[in-house]
Amino acid sequence: IDVVYIASPVVLHAKQAMMAADAGKHILIEKPLAMTSEEGQKVVDYCESKGVKIAAGLMMRFGAYVMAMKQAIADGKIGRPVSGFSQFTCWYPDMPGNWRQSKKNGGGGAMMDMGVHCIDLMQYVTGSKVKQVAAFHDTLTFHYEVEDTSTVLMRLENGCECVVQSNFNIPDEASKWRVEFFGTKGRLLGDTMIGQIDGGKLNAVFIDKNVAYSAEQTHADDAGIEIPGDFGNMYTREIESFSDSILNGKPLVVPASDAVHVQRIMEKAYASGEELKILKI
């Protein structure tokens, strides 16, 4: 055995990861990495001291359209990104004993479980880190102690302003799992492109030359183009990538340190909702 995959309740992550490191096993661990970013950093440091690799299970980075978006922005296809939006939701009613609905076992609710992916993607796709955050969190529909409704506003280092909405109280039949970016020379609209299945649609507008200001703003030619997707299994790609890093020494695509950074953002987001303040990361 060379690798241990940890997909247990969050409260157990840190202890199990350090036990695996003691046994000299490389680790793929689900998000969030630990109950707090401080605990997560201790896990990362501990694994480094033991000489084992540790990657985080943010598998949506391996989605076909996520990779296409990242490449398009890196190539300057939409100019400078100025606006980002993502929404990831489900229907998650009260379930007695469910660890995801318990703060002591899961650490948080809709943002911690679903929004974590979108916060990560806002940074990963743009190649820019979050520097400021503000947020609202509420339990509007159900009765558990974690939030079923979350809206997070983030300012990236490159100036792009992003919104991430995550909900446990929107029926699956009404959900739209979206990732969108708008820039000075175009847009990328991803519809149902996140989740556990690689698919959906990606609509793009790439503008070679900006036209002059138009007071009418008719949007007459905004149909865009549909980008083809090279779909596959995101979990398979995740495992293959991690294995490649272990066997061939390639850099980790999702190092656990990235998950620690995302958790710092989420902690600031929770604090922002409580304090009604914009907070720096």
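Above this text is the structure in question.
Rules used throughout
- Residues numbered from 1 in each chain as written.
- Predicted model: local features only at pLDDT ≥ 70, side-chain atom pairs only at ≥ 80, totals over all residues.
- Heavy atoms only, no water.
- Helix = DSSP H or I, 4+ residues; strand = E, 2+ residues; numbered from the N terminus.
- Rg over C-alpha atoms; globule rule 2.2 N^0.38 Å.
- Contact = heavy atoms within 4.5 Å.
- Areas by Shrake-Rupley, 256 points an atom, 1.4 Å probe, with all protein chains shown as cover.
- Lys, Arg positive; Asp, Glu negative; His and termini not counted.
- Charge placed at Lys NZ, Arg CZ, Asp CG, Glu CD.
- Core = buried A, V, L, I, M, F, W, Y, C linked by side-chain atoms within 4.5 Å.
- Buried < 20%, exposed > 50% of the residue type's maximum accessible area, 1.4 Å probe, protein only.
- Expected span 1.5 Å × (residues − 1).
- Arc of directions from axis to C-beta.
- Pairing = 2+ DSSP bridges.
- Axes fitted to C-alpha atoms, helices over the stretch in contact; angles between N-to-C directions.
- Bend = angle between axes of the 7 residues up to and from the residue.

Chemist: Tell me what's going on with the overall build of the chain, and back it up with residues and numbers.
Modeler: For the chain, the count of helices and strands is seven helices and twelve strands. Over its C-alpha trace the chain gives a radius of gyration of 19 Å, about what one expects of a compact globule, namely 19 Å for 281 residues. Across the chain, contacts joining residues at least 24 apart in sequence account for 69% of those joining residues at least 6 apart. Put simply, the chain shows about 13,800 Å² of open surface, and 54% of that area lies on carbon and sulfur atoms. Within the chain, one finds 28 positive and 35 negative side-chain charges whose respective centroids are separated by 5 Å.

Chemist: Can you explain the nonpolar core? Please cite residues and give values.
Modeler: The biggest cluster of nonpolar side chains holds 70 residues, and the ones touching the most others in it are Ile27 and Met154. Per element, the largest residue contribution to this core is eleven residues, and it comes from helix α5 (residues 110–126). Ignoring anything within four residues of it in the chain, the contact list for Met154 reads Ile119, Met122, Val130, Gln132, Val133, Cys160, Glu161, Cys162, Val164 and Ile265.

Chemist: Describe in detail helix α6 (residues 234–248), supporting the description with residues and values.
Modeler: Spacing of three or four residues puts side chains on the same side of an α-helix, whose turn is 3.6 residues. Look at α6: 20 Å from first C-alpha to last across 15 residues, which is about the 21 Å you get at 1.5 Å a residue. Turning to α6, its buried residues number three or more, namely Met234, Arg237, Glu238, Ser241, Phe242 and Ser245. For α6, the arc enclosing every buried residue in end-on projection is 130°, short of the 170-degree limit, so these residues lie on one face. Opposite the buried face of α6, at more than 90 degrees from it, the exposed residues are Glu240, Leu247 and Asn248.

Chemist: Describe the sheet that holds strand β11 (residues 225–226), and please don't skip the residues or the numbers.
Modeler: If you walk across this open sheet you meet the nine strands as β11-β10-β9-β8-β4-β7-β6-β5-β12, and the pairing is mixed. Of all the strands in the sheet, the pair left with one neighbour each is β11 and β12 (279–280). Two elements, strand β4 (residues 81–89) and strand β7 (residues 161–167), share seven bridges in a ladder whose sense is parallel. Looking across to β7, one finds that Ser83 is bridged to Glu161. With respect to the sheet, α5 is in contact with β4, β5 (130–138), β6 (149–156), β7 and β8 (178–183), its orientation differing from that of β7 by roughly 155°. The sheet contacts of helix α7 (residues 256–275) involve β5, β6 and β12, and relative to β5 the element is tilted by about 55°.

Chemist: Let's hear about the sheet that holds strand β1 (residues 3–6): which residues, and what values?
Modeler: A sheet is described by the order of its strands in space; here three strands give the open sequence β1-β2-β3, paired in parallel fashion. Sheet topology places β1 and β3 (54–56) at the edges, where each strand pairs with a single neighbour. Averaged over all neighbouring strand pairs, the angle between strand axes comes to 15°, with direction disregarded. For strand β2 (residues 26–29) and β3, the ladder comprises three bridges, and the chain directions are parallel. Within the sheet, the bridge partner assigned to Ile29 lies in β3 and is Ala56. Those strands touched by α6 are β1, β2 and β3, and its axis lies near 155° from that of β2.

Chemist: I'd like to hear about unusual backbone geometry, residue by residue, with values.
Modeler: With glycine set apart, most residues show a phi of negative sign, and most peptide bonds adopt trans. Lys31 connects to Pro32 through a cis peptide bond whose omega is -15°. Following the sequence through the fold, Pro32 ends up in the loop between β2 and α2 (37–50). For Thr192, which is not glycine, the phi dihedral falls at a positive 55°. With respect to the helices and strands, Thr192 occurs in the loop between β9 (186–191) and β10 (201–206). One non-glycine residue, Leu276, lies in the positive phi region at around 55°. Along the chain, Leu276 falls in the loop between α7 and β12.

Chemist: Let's hear about α5: which residues, and what values?
Modeler: The terminal C-alpha atoms of α5 lie 23 Å apart, and with 17 residues this matches the ideal 24 Å at 1.5 Å per residue to within 8%. At Val116, α5 shows its largest bend, some 45°. In terms of burial, α5 is largely enclosed, as 17 of its 17 residues are buried. Looking one or two residues past α5, Gly127 carries a phi angle of roughly 75°, positive in sign.

Chemist: Run through the pairing of β4, naming residues and quoting values.
Modeler: As a general feature of sheets, a regular strand has side chains that alternate between the two faces. The element β4 is largely enclosed, with a buried count of seven among its nine residues. Relative to β8, β4 is paired through six bridges, and the arrangement is antiparallel. Along β8, the bridge assignment pairs Gly84 with Phe181.

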